[in-house]
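Observations on the model geometry
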Amino acid sequence: MPDIRQCEVPFMEVKLLNIGFGNTVIANRIVAIVSPASAPMKRLKEDAKQANKLIDATMGRRTRSIIITDSDHVILSGVQAETIAQRLAAETHPKDANLLKPEK
């Protein structure tokens, strides 16, 4: 058996993304952040619920965004999709975070 100190394991940096109300998601696992208003997103939410892959992180508030992960989990958040996208951009590319802010 090899000595544990000699084994090299590639280190993947884990960045957590705040999705509101004290809830976080691993930023590297996010595939999409979408608005829940359309019919396809409502079907996606129902399909995830049937497959036991729905995570409700709204804390009893209205769903304002849906986060889809690479493991096909669907996460409901009470924070606007644009706000989460800005937070994700600030986490991954701090210098590009201002590009997502709407112009006035």
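Residues numbered from 1 in each chain as written. Predicted model: local features only at pLDDT ≥ 70, side-chain atom pairs only at ≥ 80, totals over all residues. Heavy atoms only, no water.

Examining the overall build of the protein chain
A tally of regular secondary structure across the protein chain gives two helices and six strands. Evaluated residue by residue, the protein chain yields a buried proportion of 27% over its 104 residues. For the protein chain, the accessible area works out to roughly 7700 Å², and carbon and sulfur atoms hold 54% of it. (Helix = DSSP H or I, 4+ residues; strand = E, 2+ residues; numbered from the N terminus. Buried < 20%, exposed > 50% of the residue type's maximum accessible area, 1.4 Å probe, protein only. Areas by Shrake-Rupley, 256 points an atom, 1.4 Å probe, with all protein chains shown as cover.)

Side note on the pairing of strand E5 (residues 65–69)
The element E5 is largely enclosed, with a buried count of five among its five residues. Pairing of strand E3 (residues 30–34) with E5, which is carried by four bridges, proceeds in the antiparallel orientation. Looking at the pairing, Ile30 lines up with Thr69 of E5. For E5 and strand E6 (residues 74–77), the ladder comprises four bridges, and the chain directions are antiparallel. Across the sheet, residue Ile68 finds its bridge partner in E6, namely Val74. Between the antiparallel neighbours E5 and E6 lie four residues, among them Asp72 with a positive phi of about 65°. (Pairing = 2+ DSSP bridges.)

As for the environment of Ile55
Tracing the sequence through the fold places Ile55 in strand E4 (residues 54–57). The class for Ile55 is partly exposed, based on a relative accessible area of 39%. On a C-alpha basis, the gap between Ile55 and Ile75 in space is 4.7 Å, while along the polypeptide they are 20 residues apart.

Comments concerning helix H2 (residues 81–92)
Counted at 1.5 Å a residue, the expected span for H2 with its twelve residues is 16 Å, and the 16 Å between its end C-alpha atoms agrees. Buried residues of H2: Ala81, Ile84, Leu88 and Ala89, and no others. Down the axis of H2, the buried set is contained in an arc of 140°. They therefore lie on one face. Looking at the buried side of H2, the elements it contacts are strand E1 (16–20), E3, E5 and E6. (Expected span 1.5 Å × (residues − 1). Arc of directions from axis to C-beta. Contact = heavy atoms within 4.5 Å.)

Considerations on the nonpolar core
Counting eleven residues, the largest nonpolar core is built from Leu17, Ile19, Val25, Ala27, Ile30, Ala57, Ile67, Ile75, Val79, Ile84 and Leu88. Contributions of two or more residues to this core are made by E1 and H2. Residues Met41, Ala48, Ile68 and Val74 belong to the second largest nonpolar core, which totals six residues. (Core = buried A, V, L, I, M, F, W, Y, C linked by side-chain atoms within 4.5 Å.)

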